[in-house]
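# Understanding the architecture of this molecule
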Amino acid sequence: MSARIDLGAVEEFEEGVLQVRQASSRQIGVARWKDRFYALRNICPHQSAPLCAGRLLTGISDGEPVGVIEADDGAPVVTCPWHGWEFHLDTGKSLWDERYKVRAYQVVVENGRVLLEMGR
Ligand code: FES
């Protein structure tokens, strides 16, 4: 069973800015990107830095042919402030090794409120 936690009104979240909110006992980084919302646990899986104090960037994806890397506007990443590891906001997976992963949460918007799904 999942629980929802109200993180605030949609207009409290500026486009392209990662904000840290308290959700129950956890600190969660919440970002609005191209009018979609993302949420990540604020702990880096490397050495437990406050990950969401890092910078938000446009993601990259492997292009064609092999070895070509292209900007991917639809998939933002966060860069850890301590050692620069990068994580996809939608999956929480590290860009360079998917075995390293931060907890990502589903976010829904209802009646102008941003709601975190804790049960996913
Ligand atoms: S603590 Fe985040 S990359 Fe090292």
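This text follows the structure it describes.
All of the points below concern the structure found in this document. Computed from a predicted structure; not experimentally measured. Along each chain, numbering runs from 1 in the same order as the chain's sequence is written. For a predicted model such as this one, the threshold for reporting local features is a pLDDT of at least 70, and the threshold for listing and counting side-chain atom pairs is 80 or more; totals across whole chains, interfaces and linings nevertheless cover every residue. Note that the side-chain values use all heavy atoms of the structure and ignore hydrogens as well as water.

## Looking at the sheet that holds strand S3 (residues 26-33)
Short version of the rule: Note on pairing: two strands pair once DSSP finds at least 2 bridges between them. Helix numbers and strand numbers start at the N terminus; a helix is a DSSP run of H or I with at least 4 residues, a strand a run of E with at least 2. Helix axes are fitted only over the stretch in contact, all axes being lines through C-alpha atoms; the angle between N-to-C directions runs from 0 to 180 degrees.
Strand order in the open sheet formed by six strands is S1-S9-S8-S4-S3-S2, with antiparallel pairing between adjacent strands. Each edge of the sheet is formed by a strand with only one pairing partner; in this case those strands are strand S1 (4-9) and strand S2 (18-23). Between one strand and the next, the sheet's axes are offset by a mean angle of 30°, whatever the strand orientation. Sheet topology note: the strand S4 (residues 36-41)/strand S8 (residues 104-110) ladder contains two bridges and is antiparallel. Across the sheet, Ala 39 pairs through a bridge with Tyr 105, a residue of S8.

## Comments concerning the packing of aromatic side chains
Centre distance and the angle of the planes are the two values used to describe a pair of aromatic rings. Counted only if it meets this: Here a Phe, Tyr or Trp ring, Trp counted by its six-membered ring, pairs with any other such ring whose centre lies within 6.5 Å, and the pair is stacked when the planes are under 30 degrees apart, edge-to-face when over 60, and tilted otherwise. Between buried and exposed lies partly exposed: a residue is buried under 20% and exposed over 50% of the maximum accessible area for its type, with that area taken using a 1.4 Å probe on protein chains only.
This structure, assessed with the given rule, holds four aromatic pairs. Consider the rings of Trp 96 and Tyr 100, whose centres lie 5.6 Å apart with planes at 25°: the pair is stacked. For Trp 96, a relative accessible area of 52% corresponds to the exposed category. An aromatic cluster is present here, built from Trp 85, Trp 96 and Tyr 100 joined pairwise through their rings.

## Details of the side chain of Gln 19
Defined as follows: We call two N or O atoms a polar contact when they sit within 3.5 Å, provided that within protein one can donate a hydrogen and the other can accept it, with sequence-adjacent residues counted only if both atoms are side-chain atoms. Contacts: residue pairs with any heavy atoms within 4.5 Å of one another.
With respect to the secondary-structure elements, Gln 19 resides in strand S2. Within the local environment of Gln 19, its side chain forms a polar contact with the side chain of Arg 21, the two groups lying 2.6 Å apart. Once you skip the residues sitting within four places of it in the chain, Gln 19 turns out to touch Glu 12, Phe 13, Glu 14, Ile 28, Gly 29 and Val 30.

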